[in-house]
Amino acid sequence: MKLTPELIIFAMLAGPAALAAVGVVAFGSAIRSALCLVFNFFLLAFLYFTLSMDMPGISQIVVYSGAIMVLFVFVIMLLNPKLIEERKDLKRPFGIAFGVVLFGILASQVLPVLGFEGAKPVVHQIGSPNVIGDALFSSYVFPFEVISILLLVGVVGSVFLAKRRTD
Amino acid sequence: MAYIGLSLFMFSTGVVGVVIRRNPIVIFMCIELMLNAVNLAFLSFARYRYATEGHSLNQAIGGPMMVIFVMAVAAAEVAVGLGIIMAIYRLKEEVDVDELNLLGG
Amino acid sequence: MDWLHNLSPAIQDVLSAIGRAILAIIPIFAPVPVIIWYERRLLSWMQDRIGPNRTGNITFSRTSKMVPSFLRGKKFKLFGLAQSIADGLKLFTKEDIMPDKTDRVLFILAPLIALFVALTLGCTIPFGGDIRFTPVADVNVGMLVILAISSLGAYSTVLAGYSSNNKYSLMGGLRASAQLISYELAMGIALAAMVMNSGSLRMTDIVKSQDAPLYGVVSFIPNWNVFTPMGFISAIVFGVCMIAETNRPPFDLPEAENELVAGYHTEYSTKRWGIFMMAEYMAMFTFSMIFATVFLGGYHFPIRWDVLAPYENMYLVGVVVMLTKGAVGLTVYIWVRATFPRLRYDQLMNLGWKFLLPLAVVNLMITATWIFAAKVYGPMAAWMVGLVCYGVLFIVWAAIRHQAKKTQPQFQSRSVNMVNSPRRVLDVVPNKEVTP
């Protein structure tokens, strides 16, 4: 395999991203895990940029790093959970073994089929905002509306859950 | 394809996290990790398979569309999920998924 | 410069990337001492004080033999410009204190995140019409980059508050994150209306769309976004949100000194505190320039005049115009700080969620209607439809306000519960028996 600049950039982004993913699971305190996840999402956005997906990458930062994870950190701070000590029981080794086996099976089945094919020239600029906007309001208009209703339901549900009972 | 490899790795890490951790917030974060792994796979397939010669734009746009929808669903899910966690915390003063067996009867 | 061209293209790319990164930082980083001096002098002028005016004045001795003859007895005035440099030197040479029982990693990380956000926020603001004059890259999602980076700013305050292991810091961090999340939404929607108006997320396109005769009629005034009705409302919403995003007075709840000592940076000292300070001032300046780009026509002159037209294409003129517009924004920041008292927490939340957000959403919808009407029926019909919409909006708002005023009970008395003392009620109504 030849060492191209694309590959170097990918390695520089993917290595820390994988480490951060491990950190989410491995760190004891919730806020450390949350920060690892933020870092992971931030790097993922740059991986999307290397795939020339501008719009999904930037909305990754806006939605995940900027909104969802801030919510997580906020809740962690608010609850300030007395650290639930992770008991050392059988769950841990079994879980790790299960994960390794899962990764082995998936990788052995999926990766050889794909092979390391080189980047073919791109003909559709599917990452740019106008193309995505056009598609959202033409062929994907029904899922778009359904998603918007789902978001509305989510808003109402979270308001209802977070409301203090005043009866 | 190295992207798919990374995606698989992140997915497995998320599964391990869901299985072994007890803090519900961390479990939630692991679910987010799995969703993102899937997003990465969608985008890399869209870029390397369908954005090239011989495929129409309609085929190619499916990947980014799916990613946008997954993000929207994840946002809604997190809002409701964190609300539930807060409610449980207020009720029980202790959040440990292994101790939550009220519905078990 | 031949050796540059002889390098391999990959290394050239890396070098140009590094150069662009440095160029992106300089116009935001270099003015910070001047901004701080400017704020202190302007604020003291507004408050009828003198402010720092001595530091940096050099008076040479009239009699000493050590001084060259042409300097004897001369005075050099710097009007206190060196004050912020002296402050910076003091900060960076003091003893570095980190309290016990802090979360060390997060404690160090928090100011760095603040600095990162402040430095990268301006990476897509164009300083000139050419692609080389956008600091990092004129990407086709430029506006979203700004929203994305500014939304990361919440982490610095939250982490600073959490890691300090101090109740005041924690309160400050919680307030900061709540405030940033609330005002982020209104800011995004206000910018979205402007994006719809220009038809592009690219910053240079947004600037270009403002370079036309006003309303298509008045030829000597450019068609800036503030002059259009929806742009005016967006500018108000964005202006308020931008002050709230940078935690400046009157929205400095997270660091309100008479409630929370110093808020999230109570436990910080020396360099790290200085970094927080610098990040705040850099963010102020960057937000002013974003405001200038989106609403005030970016790097174009405020007057469309044929004599000036050739100078607009000289790109350094564009840089000067942009920096001047940024300075105007800074002046407004300081003016607002000197004018308004700090908001209460519930007032802050009410302003964000009950006033700015609905206003921005309605403005977005009216903008969409406006664009649709302009496309289908022409600009005159669009003006009529738009103004009718705004009229209806105002009437509905006035009606809701009137109704709310009628139904809301007016409280006549206030009670104060004192800690560790018998409960007593202080009534506004005099001559009422006070129960111990």
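This text goes with the structure placed above it.
About the criteria used
Residues numbered from 1 in each chain as written. Chains lettered and ligands numbered in written order. Predicted model: local features only at pLDDT ≥ 70, side-chain atom pairs only at ≥ 80, totals over all residues. Heavy atoms only, no water. Salt bridge = Lys/Arg side-chain N within 4 Å of Asp/Glu carboxyl O. Helix = DSSP H or I, 4+ residues; strand = E, 2+ residues; numbered from the N terminus. Buried < 20%, exposed > 50% of the residue type's maximum accessible area, 1.4 Å probe, protein only. Axes fitted to C-alpha atoms, helices over the stretch in contact; angles between N-to-C directions. Parallel < 35°, antiparallel > 145°, perpendicular 65-115°, else oblique. Left-handed = near helix turned anticlockwise from the far one by under 90°. Contact = heavy atoms within 4.5 Å. Nonpolar A, V, L, I, M, F, W, Y, C, P; charged D, E, K, R; others polar. Core = buried A, V, L, I, M, F, W, Y, C linked by side-chain atoms within 4.5 Å. Buried area = accessible area lost by both parts, 1.4 Å probe. Polar contact = N/O pair within 3.5 Å; in protein donor to acceptor, adjacent residues only side chain to side chain.

1. Looking at the pattern of salt bridges
Residue and element names in this part refer to chain C.
1) Next: Following the criterion strictly, the structure yields 5 salt bridges over all chains and no others.
2) Next: One salt bridge in this structure joins R40 and D87, with 3.2 Å as the shortest N-O distance. Here D87 lies in helix α4 (residues 83–93) and R40 lies in helix α3 (residues 32–46), a separation of 47 residues in the sequence.
3) Next: On the basis of relative accessible area, R40 is assigned to the partly exposed category, the value being 35%.
4) Next: Take D87: its relative accessible area is 23%, and that puts it in the partly exposed class.
5) Next: In this structure, D205 engages R202 in a salt bridge whose closest nitrogen and oxygen atoms are separated by 4.0 Å.
6) Next: For D205, a relative accessible area of 27% corresponds to the partly exposed category.
7) Next: Linked by salt bridges that have partners in common, E39, R248, E280 and R337 make up one network.

2. Digging into the packing of helix α1 (residues 5–26) of chain A against helix α2 (residues 30–50) of chain A
Residue and element names in this part refer to chain A.
1) Next: Their axes nearest at 8 Å, the elements α1 and α2 cross at an angle of 155°. Accordingly, the angle class assigned to the pair α1 and α2 is roughly antiparallel. The chirality of how α1 crosses α2 is left-handed. On α2, the residues touching I9, F10, L13, P16, A17, A20, A21, G23 and V24 of α1 are S33, C36, L37, F39, N40, L43, F46, L47 and T50.
2) Next: Broken down by class, the residue content of the contact of α1 with α2 amounts to 14 nonpolar, 4 polar and no charged.

3. Observations concerning the nonpolar core
1) Next: Formed by 174 residues in total, the largest nonpolar core has its most connected members in A:M69, A:F72 and C:F238.
2) Next: Residues contacting A:F72, with those up to four places away along its chain left out, are B:I25, B:F28, B:M29, B:E32, B:V78 and B:L82.

4. Overview of the interface of chain B and chain A
1) Next: Listed per partner, the contact involves 75 residues of chain B and 82 residues of chain A.
2) Next: In this assembly, chain B packs against chain A so that about 7,200 Å² is buried in total across both faces, 75% of it on carbon and sulfur atoms.
3) Next: Applying the counting rule to chain B against chain A returns 0 salt bridges.
4) Next: Joining chain B to chain A, the criterion identifies 2 residue pairs in polar contact (both at pLDDT 80 or more).
5) Next: At the level of elements, α1 (2–20), α2 (24–50), α3 (57–60) and α4 (62–92) of chain B are the ones that each hand at least two residues to the side of chain B that touches chain A.
6) Next: Top element by residues in the side of chain B that touches chain A is α4(B). It accounts for 23 residues.
7) Next: Taken together, the residues that form the side of chain B that touches chain A break down as 50 nonpolar, 14 polar and 11 charged.

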